[in-house]
Amino acid sequence: MRIAILLSCLFFAQFSANAQYNTLWIPDTLSGTNFNLVLKDTFAQLRSGNQTITAGVNGAFWGPTLFINKGDEVHMNVYNKTNDSTTIHWHGFHLPAVMDGGPHQVIPPGTLWQPFWKITNQAATYWYHPHLHEMTQEHMTKGLGGFIIVRDAEEAALPLPRTYGVDDIPLSLTSRRYTTGNQFVYTNTAYGDYMLTNGTPNAQVSLPKQVVRLRILNAETERAYNLGFSDNRTFYVIGNDGGLLNAPVGVTRLKLGVGERAEILVDLTGATVGSSFDLKAYNSGQAFGFPGGEPGTSGEFGSLLNNKDFTVLHINVTAATTNPITAVPTTLVNNTYLTAADATVSRTLTINGGQPAGNPFVFDNKIFDFNTINKTLDVNTTEKWTVTNTNIFSHSFHIHDVQFKIISRSTGAVGQYESGWKDVFYIAINESVTFVARFADYADPIHPFMYHCHFGNHEDEGMMGQFVVKGSTSTSDIANPLTYNVFPNPADDRLYVQLADPNAAVYYVTIFNTNGKAVMMLPQPQVQQGIDITTLPRGAYSIQVMEKETKAVSTKKFVKL
Ligand code: C2O
Ligand code: CU
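Residues numbered from 1 in each chain as written. Chains lettered and ligands numbered in written order. Predicted model: local features only at pLDDT ≥ 70, side-chain atom pairs only at ≥ 80, totals over all residues. Heavy atoms only, no water.

The next point concerns the overall build of the chain. When its secondary structure is counted, the chain shows four helices and 40 strands. For 561 residues, the compact-globule formula gives about 24 Å, and the C-alpha radius of gyration of the chain, at 24 Å, lands near that figure. Seen along its three principal axes, the alpha-carbon backbone of the chain occupies a region of about 70 × 65 × 55 Å. Taking all 561 residues of the chain together, 57% fall into the buried category. Intrachain contacts of the chain at a sequence separation of at least 6 include 74% that bridge at least 24 residues. In the form shown here, the chain has an accessible surface area of approximately 21,500 Å², with 51% of it arising from carbon and sulfur atoms. The positive charge centre, built from 38 side chains, and the negative charge centre, built from 46, are 3 Å apart in the chain. (Helix = DSSP H or I, 4+ residues; strand = E, 2+ residues; numbered from the N terminus. Rg over C-alpha atoms; globule rule 2.2 N^0.38 Å. Buried < 20%, exposed > 50% of the residue type's maximum accessible area, 1.4 Å probe, protein only. Contact = heavy atoms within 4.5 Å. Areas by Shrake-Rupley, 256 points an atom, 1.4 Å probe, with all protein chains shown as cover. Lys, Arg positive; Asp, Glu negative; His and termini not counted. Charge placed at Lys NZ, Arg CZ, Asp CG, Glu CD.)

What follows is the structure, given as structure tokens:
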């Protein structure tokens, strides 16, 4: 008991350079190709008084940063030990829909979900987060989520800061509202009242006197951030959601909508050791519709942080490290971007709804419905989408499966700061945004991908659509999709599934215990290598196998020794 109290105090209350601030928590790291992520209901000492009930991945709030290399096949072991069904979505990744972790890939409590895919994304800052329909805001508010940093050869060859936690800092920006008993509020609230930077209230960090890299994620429900530094210094955007830019872009302010990421360089070579300054949200006086610009201090759309300039991170400058980066590079990578001329299909999407007041925001006048496929696309096609916002608020538009290139904004030129690969964009009132994307490689007739507003409250209320990417219709003839063997039986550590028909393939395996509860879910498992069942308790199980093309399902029993 005493140890628990001590540990939870240590987590958030390390006072160092300035007692009004807490040391920024830097998430732990995991690397390699096999990642164990355990989702748990837990608690954290976020404020004085009661602890707050939270959920975390391998910890008390938020989760580890996963380092992965482009070209690797990564295997995720997502073990849902919370009391709720949830999902984990790999935001920004190009991958098969069945591995995507959107609202269709539900992980029941107590179940191990094992998606895997080959990383084709460029080096950039991505993230994982829950995506259960109507529960996204709650599960994210509780703290589930984490960063994914992809590395590749092009990025590795550049003189950029990349010592994690030293000159390369992940920053997850969010805020929370609390009940008087210090519990999170996640209904009828679009905004938090208190800033949490990597889960740390009033965060401060020591940064060395050299060029440093900040990987900033807007992990809010709805608030946008108009970021800048208290000394109004110029900083350099080097990367968007899905990759490095061609060259750094100097700015003094940067707008980041929900779900967006920006990698920036801050040149501290001229700073004085011992001096401090702040990374701030300059959110006061924004145009109507800016999320977080509403004037109220309470209620669903009010907040203590609304329409204010507030500190996101207090920065203390310390001595340079050995081998510091001392200059902002003039060029970065050579991107070959898609253009309008590459697109063979054009689509439009209209954001409407919201009126009369209190109605949900929607796309094309339709609220999200699991039983409606809103768009059907052909695989390996380049498409141009124009999203038009006709309603009374701004939004954050996100689409799964692809990284796109924004080619126009009706309100003016596309800023250099968002000229790279993107998977989310901010869309203002009465604005149209056009992007081009290629829907390559992965077709699946039954698992759709999503497009949606990334505001947790808006997506939960149905501001989402789903699209299926269709492949060429197969001509193979599967006479016998349901005949298969599971062996050995009883099995000790590995279970093999062999289909009798040589044209048949396994699409999905689910293992149930004798209570009928799913304990393992394996999308498109590599059955030749066997299914690792070492985590299952001894006993009787049933295994349900779905064949890939026919989607025929059949169940057999086996015993785990
Ligand atoms: Cu970050 Cu559909 O999600
Ligand atoms: Cu929205």
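To summarise the sheet geometry, strands pair through backbone hydrogen bonds and adopt either a parallel or an antiparallel arrangement. In space, the three strands of this open sheet follow the order β34-β35-β38, with antiparallel pairing throughout. Only two strands of the sheet have a single partner each, and these edge strands are β34 (484-487) and β38 (531-532). In this structure, strand β35 (residues 494-499) lies alongside β38, joined through two bridges in antiparallel fashion. The residue of β38 that forms the bridge with L495 is I531. (Pairing = 2+ DSSP bridges.)

It is worth spelling out the sheet that holds strand β22 (residues 276-282) at this point. What the six strands build is an open sheet, ordered β1-β15-β23-β22-β17-β20; its pairing is mixed. Both outer strands of the open sheet, β1 (22-23) and β20 (254-256), are each paired with one neighbouring strand and no more. One ladder, built from two bridges, connects β1 with strand β15 (residues 203-208); its direction is parallel. Within β15, the residue paired with T23 across the bridge is Q204.

As a further point, take the coordination of the copper ion (ligand 2). Those protein atoms acting as donors to the copper ion (ligand 2) are H395 (ND1), C453 (SG) and H458 (ND1), and they sit at 2.0 to 2.1 Å. Spacing between the donor residues of the copper ion (ligand 2) along their common chain follows H-x57-C-x4-H. Placement of H395 in strand β28 (residues 395-399) and of C453 in strand β32 (residues 449-453) is noted, with a sequence separation of 58 residues between them. The pair H395 / C453 is uniform in exposure class, with both members buried. (Donors = N, O, S within 2.8 Å, 3.2 Å for Na, K, Ca; no water.)

Note the cis peptide between Q355 and P356, where omega equals -5°. Along the chain, P356 falls in the loop between β24 (345-353) and β25 (361-363). At the junction of F487 and P488, the peptide bond is cis and its omega measures out at -10° in the coordinates. Within the secondary structure layout, P488 lies in the loop between β34 and β35. We note that N188 has phi near 50°; this positive angle belongs to a residue other than glycine. Inspection of the secondary structure assignment puts N188 in the loop between β12 (168-176) and β13 (194-197). What makes N188 exposed here is its relative accessible area of 58%. A positive phi angle, close to 40°, is found at Q524, a residue other than glycine. Within the secondary structure, Q524 sits in the loop between β37 (518-523) and β38.

Reading predicted coordinates in detail is not appropriate for stretches of low pLDDT. On average, residues of the chain score 95 in pLDDT, and 96% of them are at 70 or above. Low confidence marks residues 1-16, where pLDDT is under 50. Its contacts with residues over four positions away, or in another chain, come to 18 contacts. (pLDDT = per-residue confidence, 0-100.)

Here we come to the packing of aromatic side chains. The tally for this structure, following the rule as stated, stands at 34 aromatic pairs. Their ring planes at 40° and their centres at 5.6 Å tell us that Y178 and F184 sit as a pair that is tilted. The interplanar angle of 80° and the centroid separation of 5.6 Å between the aromatic rings of W385 and Y451 together place this pair among those described as edge-to-face. Of this pair, W385 sits in strand β27 (residues 381-389) while Y451 sits in strand β32, placing them 66 residues apart in sequence. Each member of the pair W385 and Y451 is classed as buried. Put simply, the rings of F363, W385, F397, F404, F425, F435, F439, F449, Y451 and F467 pair up and form one aromatic cluster. The ring of Y194 is capped by R47, whose NZ or CZ atom sits 4.6 Å from the centre of that ring. One Lys or Arg, K551, reaches over the ring of Y507 and ends 4.3 Å from the middle of that ring. (Phe/Tyr/Trp six-rings, centres within 6.5 Å; stacked < 30°, edge-to-face > 60°. Lys NZ or Arg CZ within 6 Å of the ring centre and 35° of its normal.)

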